[in-house]
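# Close look at the chain arrangement
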Amino acid sequence: MKSVVAENLVKTYGKGEHQVRALDDLSIDVEEGTVLSILGPNGAGKTTTVRVLATLLKPDSGHATVGGIDVIKDPKRVREIIGLSGQYAAVDETLTGWDNLVMFGRLYHLSATAANARAKELLEQFSLTDAAKRPIKTFSGGMRRRLDLAASLIIRPKVLFLDEPTTGLDPRGRMEMWKVIEGLVDEGVTLLLTTQYLEEADQLADEIAVIDRGKVIARGTSDQLKTQIGGERLELVVAESDLSAAKVIADRIGGTSSTIDAGLRKISTPVTTGGNALIDLLRELDAAKIHPLDIALKRPSLDDVFMSLTGHAAEEEKPEVPGVKGKKGGRK
Amino acid sequence: MRAISDSLVIMKRQLLQLTRVPEVLIFNTIQPVMFVLLFRYVFAGLGAGIKGGYVQLLMPGIFVQTVTFTLAATAQGMAQDMEKGLIDRFRSLPISRAAVVTGRTLGDGLLNIVVIAVMGTAGFIVGWRPTSGLLKIGLGFLMLLLFGYALSWAGIFTGLIAKDARVVANISFLFTFPLTFLSNAFASTTSMPKALQYVAEWNPVSTMVAAVRQLFGFHNMFGVTKNSFPSTHPIQTSLLYMVLIMAIFVPLSVRRYKNTNK
């Protein structure tokens, strides 16, 4: 069963020649109990997608359901089953972690006792018990995000939306956050996660939807996406005098013509047999008395995927698009 | 019922903030108390010939000024919550669309009670003595709180449409400052140019000050045109203004909160 379905979402900001199509006929879906990562650069429409699905924003056209409930027609019921945690820690910074969780518990209509119990439970689960009585503004970035995430889990949501949960965190904070998210996934929550980090999508998601300029340009598992742009290749670095001899061997093993980077003395050959191709290559090089300086079987990274799909790198700076990022002043 | 209890949770949040950051409450009360002391002694001469001295005129003026500034406080609080993404989180919760904004106006209203109580005490110490009965004095305070509450809704709307919390405070002062000084709050309006006198007379701050002076048992309106409606009926005019402000800004604010996409 699909927990999240979005069909042909369109959302435009601005008018006339300044008009920006933040969502341009975007469709995605997430199978119950799985993790879909929406991967894309800044301004691609990630946040806008989440805001539509989390009932914060009405699309110009299109249709979406969360847990089978229409987000446009019945937003209030959707809000009862979702959790949302954004790229900004949306908690009251002057209050303590405890105050915040109890407040949100009360707003989810838990009794005072239940709200207290749930706050205690979540603080333990997210290793925040020691900091519970301190104001949020004394928290580290990673702690803030964890508390923000905890606040979105008060009602044990069926569907969780995480909008760039690790943007701006240091590597340690990111690893901690990943651990927490993996724990939630193990518990069976359906998760829609946006990220601009390819590594993060690779690590956390069952399936990845690559979006750019408001459109899904590719989707599949991490492996499928990597295969889609060509599978593995052998990379071989040899001494300059061995270069042409080594190329002949590499060509034979790959069954095709290898590319040579003469400056780096690197030969690159697409292969289909993975490790076996590597063993064959090593044997033949040895027989020909060629000593490889470096040899590796490389799989394309998601960065390569992104480059090949969009023609630009994931972290490429794009001009600020008003209203596309949540923080900027778009309006309905 | 849910909507009411949700609003109360939001209101409680503000009270909690005061206990976690007591500086806010302290600065919120120090400033008006400082105004009371400064104006009481610096402008004492303005009260020549007034029974009980200038402080009798001053206190209603400074009370009204203080509650007028609620607009700026509410606007700033609201804009901060927008900036921090807190409003997004509230909007993703299954709660009434009016709860968050109502809760904030109630919280700011409660803060006003504390501030006015402290100011009143300071005023009493430096010689302020309302002479009407307890009931009328109570009504005077009630009007002050209601006026602050009504303006707080205008503050909600300002905060929701603004983009930047720091700018919000400045913008709201740009309105509230002239409003409080283009009035009978601190000095007689009769010394103003004629055109300004009309503005001052219809200014809701003036009608409020006049109304509260009257309820505190002090009938010197500090220079108003004879027989004009706001001068002769300051209480009714003020109540009318409050109804008007609420009628405009409550629906505007709730709608804006619902559709906000910052």
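Scroll up to find the structure this text is about.
Every value quoted in this text rests on a predicted model; they were computed, and no experiment measured them.

Let's shift gears to the overall build of chain B. Counting secondary structure elements, chain B contains 12 helices and zero strands. In sequence order, the secondary structure elements of chain B are arranged as α-α-α-α-α-α-α-α-α-α-α-α. In terms of overall dimensions, chain B is globule-like: its C-alpha atoms have a radius of gyration of 19 Å, near the 18 Å expected for 262 residues. With the C-alpha coordinates aligned to their principal axes, the bounding extent of chain B is approximately 60 × 35 × 35 Å. When each of the 262 residues of chain B is scored for burial, the buried share is 48%.

The general pattern is negative phi for most residues beyond glycine and trans for most peptide bonds. Of note in the backbone geometry, Asp25(A) takes a positive phi value of approximately 65° without being a glycine. Since 14 C-beta atoms lie within 10 Å of it, Asp25(A) is described here as partly exposed.

Now for the packing of helix H7 (residues 134-161) of chain B against helix H12 (residues 234-259) of chain B. Residue and element names in this part refer to chain B. The contact between H7 and H12 brings their axes to 8 Å, and the two run at 30°. The angle between H7 and H12 places the two elements in the roughly parallel class. Crossing geometry of H7 relative to H12 is assigned as left-handed. Within the contact between the two elements, H7 uses Met 143, Leu 146, Phe 147, Ala 150, Leu 151, Trp 153, Ala 154, Ile 156, Phe 157, Leu 160 and Ile 161 and H12 uses Ser 238, Met 242, Ile 245, Met 246, Phe 249, Val 250, Leu 252, Ser 253, Arg 256 and Tyr 257. Each residue belonging to the contact of H7 with H12 can be placed in one class, and the counts come to 18 nonpolar, two polar and one charged.

With that settled, the discussion passes to the sheet that holds strand S2 (residues 20-31) of chain A. All names here are of chain A. Read from one edge to the other, the open sheet built from four strands follows the order S2-S1-S4-S5, with strand pairing classed as antiparallel. Of all strands in the sheet, those bounded by a partner on one side alone are S2 and strand S5 (69-70). Alignment of strand S4 (residues 61-66) against S5, held across two bridges, turns out to be antiparallel. Bridge pairing links Thr 65 to Asp 70 in S5. Sheet strands in contact with helix H1 (residues 46-53) are strand S1 (2-13), S2 and S4, and its direction is about 120° off that of S1.

For the rest of this paragraph, the subject is the interface of chain A and chain B. Listed as interface residues are 28 residues of chain A and, on the opposing side, 22 residues of chain B. For the side of chain A that touches chain B, the element with the highest residue contribution is helix H3 (residues 97-107) of chain A, accounting for four residues. Each residue belonging to the side of chain A that touches chain B can be placed in one class, and the counts come to 12 nonpolar, seven polar and nine charged.

Judged by nonpolar contacts, the single largest core of 138 residues is most densely connected at Leu53(A), Leu101(A), Phe161(A), Leu192(A), Val64(B) and Val212(B). When residues of this core are assigned to their parent elements, the largest contribution, 12 residues, is made by H7(B). In contact with Phe161(A), other than residues within four places in its own chain, are Val50(A), Leu53(A), Ala54(A), Ile82(A), Leu84(A) and Leu192(A).

Glancing now at the sheet that holds strand S12 (residues 259-261) of chain A. All names here are of chain A. Strand order across the open sheet formed by four strands is S12-S13-S11-S14, with antiparallel pairing between neighbours. Each end of this open sheet is capped by a strand with a single partner; those strands are S12 and strand S14 (294-298). Between one strand axis and the next, the sheet turns through 15° on average, direction left out of account. With five bridges connecting them, strand S11 (residues 233-237) and strand S13 (residues 266-270) associate as antiparallel partners. The residue of S13 that forms the bridge with Leu 236 is Ile 267. Packed onto the sheet, helix H9 (residues 243-254) meets S11, S12 and S13 and runs at close to 10° relative to S13.

Turning next to the pairing of S13(A). Residue and element names in this part refer to chain A. What you see with S13 is a clean split: Ile 267 and Thr 269 sit on the buried side and Lys 266, Ser 268 and Pro 270 on the side with no burial. Bridge count for S12 against S13 is three bridges, and the pairing is antiparallel. Note that in S13 the partner of Asp 261 across the bridge is Lys 266. Counting the residues that bridge the hairpin from S12 to S13 gives four residues, and of these Arg 265 lies at a positive phi of roughly 55°.

With that settled, consider the packing of H3(A) against helix H5 (residues 141-151) of chain A. Residues and elements named next belong to chain A. For the pair H3 and H5, interaxial distance at closest approach is 10 Å and the crossing angle is 20°. Between H3 and H5, the angle falls in the class roughly parallel. Of the two elements, H3 crosses H5, and the hand of that crossing is right-handed. Taking contact as the criterion, the partners of Gly 97, Asn 100, Leu 101 and Phe 104 in H3 are, on H5, Leu 147, Ala 150 and Ala 151. Classifying every residue of the contact of H3 with H5 gives five nonpolar, two polar and no charged.

About the cut-offs
Residues numbered from 1 in each chain as written. Chains lettered and ligands numbered in written order. Predicted model: local features only at pLDDT ≥ 70, side-chain atom pairs only at ≥ 80, totals over all residues. Helix = DSSP H or I, 4+ residues; strand = E, 2+ residues; numbered from the N terminus. Rg over C-alpha atoms; globule rule 2.2 N^0.38 Å. Buried ≥ 20, exposed ≤ 12 C-beta atoms within 10 Å, placed from the backbone. Axes fitted to C-alpha atoms, helices over the stretch in contact; angles between N-to-C directions. Parallel < 35°, antiparallel > 145°, perpendicular 65-115°, else oblique. Left-handed = near helix turned anticlockwise from the far one by under 90°. Contact = placed C-beta atoms within 7 Å. Nonpolar A, V, L, I, M, F, W, Y, C, P; charged D, E, K, R; others polar. Pairing = 2+ DSSP bridges. Core = buried A, V, L, I, M, F, W, Y, C linked by C-beta atoms within 7 Å.

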